[in-house]
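Single-letter residue listing:
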Amino acid sequence: MIAGQQIIGFDYSAEGSETFYSYNPAEQHNTNYLFHKATTGEINLAVQKAAAAFQVYRKNSGAEKAHFLNVLAEDLLYTGDELIKVCNEETGLPPVRIEGERMRTVNQIKMFATLLSEGSWVDARIDTGNPERTPLPKPDLRFMHIPIGPVVVFGASNFPLAFSVAGGDTISAFAAGCSVVVKAHPAHPATSAIIGKLVQTAAKKTNMPDGLFSLLFDDGIDVGIQLVKHPLVKAVGFTGSYKAGKALFDIAVSRPEPIPVYAEMGSTNPVFILPDAAKERGQEIAAAYAASVTMGIGQFCTNPGLMIFQNQDNNFLQLLKTAFEKTTGGVMLTPNILDSYNSGVHQHLTTEGVEQLAISGTSAVDVANLAVPVLLKTSGKVLDNNPALSEEIFGPTGMVVSASSKKEMLAIAENLSGHLTATVHGTEDELIGYRQLLEVLEQKAGRVVINGFPTGVEVGNAMVHGGPFPSTTDSRTTSVGTAAIYRFTRPVCYQNMPQQLLPPALRDKNVLNIYRLINGDWSTKDIARMT
Ligand code: NAP
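First, a word on scope: everything that follows refers to the structure included in this document. (Residues numbered from 1 in each chain as written. Predicted model: local features only at pLDDT ≥ 70, side-chain atom pairs only at ≥ 80, totals over all residues. Heavy atoms only, no water.)

Some points on the overall build of the chain
Alright, step 1. Secondary structure assignment for the chain yields 15 helices and 23 strands.
Alright, step 2. At 25 Å, the chain has a C-alpha radius of gyration in line with the 24 Å of a compact globule built from 531 residues.
Alright, step 3. Across the 531 residues in the chain, those meeting the buried criterion constitute 57%.
Alright, step 4. Of the contacts made within the chain by residues no fewer than 6 positions apart, 75% connect residues no fewer than 24 positions apart. (Helix = DSSP H or I, 4+ residues; strand = E, 2+ residues; numbered from the N terminus. Rg over C-alpha atoms; globule rule 2.2 N^0.38 Å. Buried < 20%, exposed > 50% of the residue type's maximum accessible area, 1.4 Å probe, protein only. Contact = heavy atoms within 4.5 Å.)

Given below as structure tokens:
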């Protein structure tokens with residue numbers, strides 16, 4: 001039974017009289033799942049409870065937080081088929097993809113539990129004092145990361161599990177020691193309700209404080225805006241469109257107390273094909289590109305929507321055309337996303353100098369809400385005159401740009417704005433010859449991929465899923481991988497703090513057995529007392 005009520009800590013609430021149903025995009029009708037929109041009273045209660053819970057939860061040990069996350073991961077793993085069925089109804093995503101995403105979400109939660117159990121993530125730094133130093137005594141300084149406070153998370157439409165209620169943003173905030181209020185994405189509220197109940201149950205089972213987690217519903221933007229403006233909220237995690245991410249960022253920085261918004265807003269993820277690679281592996285590259293652009297109906301922020309190649313080899317265009325014609329389209333997540341896709345492709349196609357290079361065989365299928373993959377082509381010169389052509393169209397499309405020379409390819413790279421990823425295909429010798437291109441790209445993207453494709457983001461310690469604006473609102477961070485935890489922490493330094501008042505991570509005796517930077521050297525040693 002799916003409860004269409006707000007989850008506020010350990011309670012449910014359905015105060016509001018305004019309701020909405022979720023939508024089945026494949027069958028184009030409402031589902032039977034009815035949701036109440038959160039009221040201002042419910043928003044206040046959720047945030048107040050989150051602020052109170054934060055004061056308790058932030059003091060929990062790494063082991064206690066890891067236990068909570070591990071219980072949640074196990075419960076999610078064994079939550080059964082209802083989740084898959086409901087998520088399929090609400091998103092049109094195939095069950096096999098949802099199963100895979102559930103596994104990814106489970107592994108992501110366990111990864112953060114492991115990070116907490118090990119403990120060195122707090123980045124403890126100790127500069128021991130010297131009262132005898134002249135002319136001034138040297139203070140004892142001890143640094144570590146502490147949680148920032150209650151966090152608001154906006155679930156993403158395109159990853160209903162891995163970037164939603166118990167997704168990367170929520171889990172990295174929990175790992176940091178923060179309480180979380182999630183605004184469910186209106187494209188999958190029933191899926192969100194199932195996961196929300198799992199989080200609530202795991203928190204209860206592991207004696208976490210009431211209010212550590214809340215889940216609010218709305219099919220408009222009002223609840224989200226109120227949450228970002230709430231004075232007790234200290235940070236925001238968001239994945240979605242540039243329009244929404246930038247709007248939330250602007251609201252957050254104009255508050256009396258500005259707060260960080262970590263918005264991941266997608267990009268076109270340029271792929272550069274160097275001439276010898278096109279000659280040697282043209283067919284393989286064309287097939288892999290077509291597969292990457294159309295994977296998941298192109299609904300990935302790492303979708304490689306821009307390809308730049310040097311046009312000495314027209315055969316490569318033919319290979320791309322052939323590969324793309326073999327692709328298939330599919331149902332998109334929401335009617336709005338499909339409309340934006342169709343109008344984006346239309347807009348690009350009506351730009352002078354842009355042509356359709358290929359269309360998928362799906363174009364023959366007569367299904368009203370089907371997204372049809374389309375590959376477009378243009379020249380470097382046209383791109384230079386129409387920067388809008390390098391903006392993201394969310395869906396299964398790409399723009400193939402022919403550059404007349406290495407110089408023009410470099411100029412295209414120089415003119416790029418910020419992206420999540422940039423990719424280069426080249427032979428070993430070519431890559432060395434194009435070192436300058438790589439040096440430009442590392443300044444434009446969060447991840448530089450060599451001889452691969454950017455879709456399929458690996459979750460791990462070394463991943464960066466972020467990038468310069470406008471791909472995100474803060475290029476210094478990542479929303480995937482363990483480093484995502486630092487979005488929800490801040491460093492604090494204790495000066496001359498008595499031992500018994502220091503957090504365990506910073507005491508002379510290394511009770512947590514973590515790595516610490518002691519007077520410039522990393523070690524797990526205790527600090528010997530001078531007296
Ligand atoms: P969206 O429009 O960015 O919406 C994401 C969330 O933000 C939703 O909960 C939405 O609420 C809320 N929201 C939207 N505008 C807002 C505003 N001005 N103030 C406060 N909250 C706001 O994303 P979407 O609906 O998932 O998809 C629309 C487009 O986003 C896609 O076509 C695609 O271009 C892009 N997108 C990008 C990524 C990515 O990976 N970066 C992922 C998904 C989508 P309501 O829906 O209730 O308005």
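Now, onward.
With respect to the site of the ligand
Alright, step 1. What surrounds the ligand is a group of 22 residues, the closest being Ser157, Lys183, Gly220, Ser241 and Cys301.
Alright, step 2. Between the ligand and His185, the relevant distance is 2.9 Å, taken from an oxygen atom to a side-chain nitrogen or oxygen of the residue.
Alright, step 3. At 3.1 Å from a nitrogen atom of the ligand is found a main-chain nitrogen or oxygen belonging to Gly266.
Alright, step 4. Its free accessible area being 860 Å², the ligand has 84% of it covered by the protein chains. (Near = heavy atom within 4 Å. Polar contact = N/O pair within 3.5 Å; in protein donor to acceptor, adjacent residues only side chain to side chain. Areas by Shrake-Rupley, 256 points an atom, 1.4 Å probe, with all protein chains shown as cover.)

Things to note about the packing of helix H2 (residues 62–77) against helix H4 (residues 95–118)
Alright, step 1. As a packed pair, H2 and H4 sit with axes 8 Å apart at the nearest point and diverge in direction by 165°. The orientation of H2 with respect to H4, classified from their angle, is roughly antiparallel. The chirality of how H2 crosses H4 is left-handed. Along the contact surface, H2 presents Gly62, Lys65, Ala66, Leu69, Asn70, Leu72, Ala73, Glu74, Leu76 and Leu77, while H4 presents Arg102, Met103, Thr105, Val106, Ile109, Lys110, Phe112, Ala113, Leu116 and Ser117.
Alright, step 2. Looking at side-chain class alone, the contact of H2 with H4 contains twelve nonpolar, four polar and four charged residues. (Axes fitted to C-alpha atoms, helices over the stretch in contact; angles between N-to-C directions. Parallel < 35°, antiparallel > 145°, perpendicular 65-115°, else oblique. Left-handed = near helix turned anticlockwise from the far one by under 90°. Nonpolar A, V, L, I, M, F, W, Y, C, P; charged D, E, K, R; others polar.)

Re the sheet that holds strand S22 (residues 516–518)
Alright, step 1. Strand order in the open sheet made by the five strands is S21-S6-S5-S22-S23, with mixed pairing throughout. The outermost strands of the open sheet, each flanked by one partner alone, are strand S21 (489–495) and strand S23 (521–523). With direction set aside, neighbouring strand axes in the sheet form an average angle of 25°.
Alright, step 2. Where strand S6 (residues 141–147) and S21 come together, seven bridges link them in antiparallel fashion. Of the residues in S21, the one forming a bridge with Arg142 is Tyr494. (Pairing = 2+ DSSP bridges.)

Looking at the pattern of salt bridges
Alright, step 1. A full pass over the atoms with the stated rule returns 21 salt bridges.
Alright, step 2. Between Arg142 and Asp140 there is a salt bridge, and its shortest N-O distance comes to 2.7 Å.
Alright, step 3. The class for Arg142 is buried, based on a relative accessible area of 4%.
Alright, step 4. For Arg476, the salt bridge identified is with Asp474, shortest N-O distance 2.8 Å.
Alright, step 5. Judged by relative accessible area, Arg476 falls into the exposed class, the value being 72%. (Salt bridge = Lys/Arg side-chain N within 4 Å of Asp/Glu carboxyl O.)

Here's the deal with the pairing of strand S3 (residues 19–24)
Alright, step 1. Bridge analysis of S3 against strand S4 (residues 29–36) gives five bridges, and the strand direction is antiparallel. Paired with Phe20 across the strands is Phe35, a residue of S4.
Alright, step 2. Counted along the chain from S3 to the antiparallel partner S4, the turn is four residues long, and its residue Gln28 has a positive phi close to 55°.

Points about the environment of Thr489
Alright, step 1. With respect to the helices and strands, Thr489 occurs in strand S21.
Alright, step 2. As for Thr489 and Ala66, which are separated by 423 residues in sequence, their C-alpha atoms are 17 Å apart.
Alright, step 3. At a separation of 2.9 Å, a polar atom in the side chain of Thr489 contacts the side chain of His145.

What to know about the side chain of Asn24
Alright, step 1. Residue placement: Asn24 occurs in strand S3.
Alright, step 2. The residues contacting Asn24, other than those within four sequence positions of it, are His29, Thr31 and Glu89.

Remarks on the packing of H4 against helix H5 (residues 168–176)
Alright, step 1. For the pair H4 and H5, the least separation of the axes is 10 Å and the interaxial angle reads 15°. Regarding the angle of H4 to H5, the classification is roughly parallel. Where H4 crosses over H5, the handedness of that crossing is right-handed. Taken together, the residues of H5 that come into contact with H4 (itself represented by Gln108, Ile109, Phe112 and Leu116) are Gly168, Ile171, Ser172 and Ala175.

A short note on the pairing of strand S18 (residues 397–403)
Alright, step 1. Counting buried positions over the seven residues of S18 gives seven, a clear majority of the element.
Alright, step 2. Residues Thr397, Met399, Val401 and Ala403 point to one face of S18 and Gly398, Val400 and Ser402 to the other, with burial holding for every one of them.
Alright, step 3. Strand direction decides the pairing type here: strand S13 (residues 306–310) and S18, joined by five bridges, are parallel. Each residue of the ladder has a partner; that of Gln310, found in S18, is Ala403.

Some words on helix H3 (residues 81–91)
Alright, step 1. Three or more residues of H3 are buried, namely Leu83, Ile84, Val86, Cys87, Glu89, Glu90 and Thr91.
Alright, step 2. Those residues of H3 that are buried are in contact with S3, S4, H2, H4 and helix H6 (189–205).

Describing the packing of aromatic side chains
Alright, step 1. Enumeration over the complete set of coordinates arrives at 14 aromatic pairs.
Alright, step 2. Seen from their ring centres, Phe159 and Phe163 are 5.4 Å apart, and the 55° between their planes marks the pair as tilted. Just as Phe159 is buried, Phe163 falls in that class too.
Alright, step 3. Taking 5.9 Å as the distance between ring centres and 65° as the angle between the ring planes, the aromatic pair formed by Tyr242 and Phe469 counts as edge-to-face. Note that Tyr242 is positioned in helix H8 (residues 242–253) and Phe469 in the loop between strand S20 (445–450) and S21, a separation of 227 residues in sequence.
Alright, step 4. Ring pairs connect the aromatic residues Tyr57, Phe68, Phe174 and Phe213, which therefore count as one cluster.
Alright, step 5. Between Arg97 and the ring centre of Phe159, over which it is positioned, the NZ or CZ distance is 5.1 Å.
Alright, step 6. Note that Arg125 overlies the ring of Phe143, its terminal NZ or CZ placed 5.0 Å from the centroid. (Phe/Tyr/Trp six-rings, centres within 6.5 Å; stacked < 30°, edge-to-face > 60°. Lys NZ or Arg CZ within 6 Å of the ring centre and 35° of its normal.)

This is a description of form; function is not addressed.
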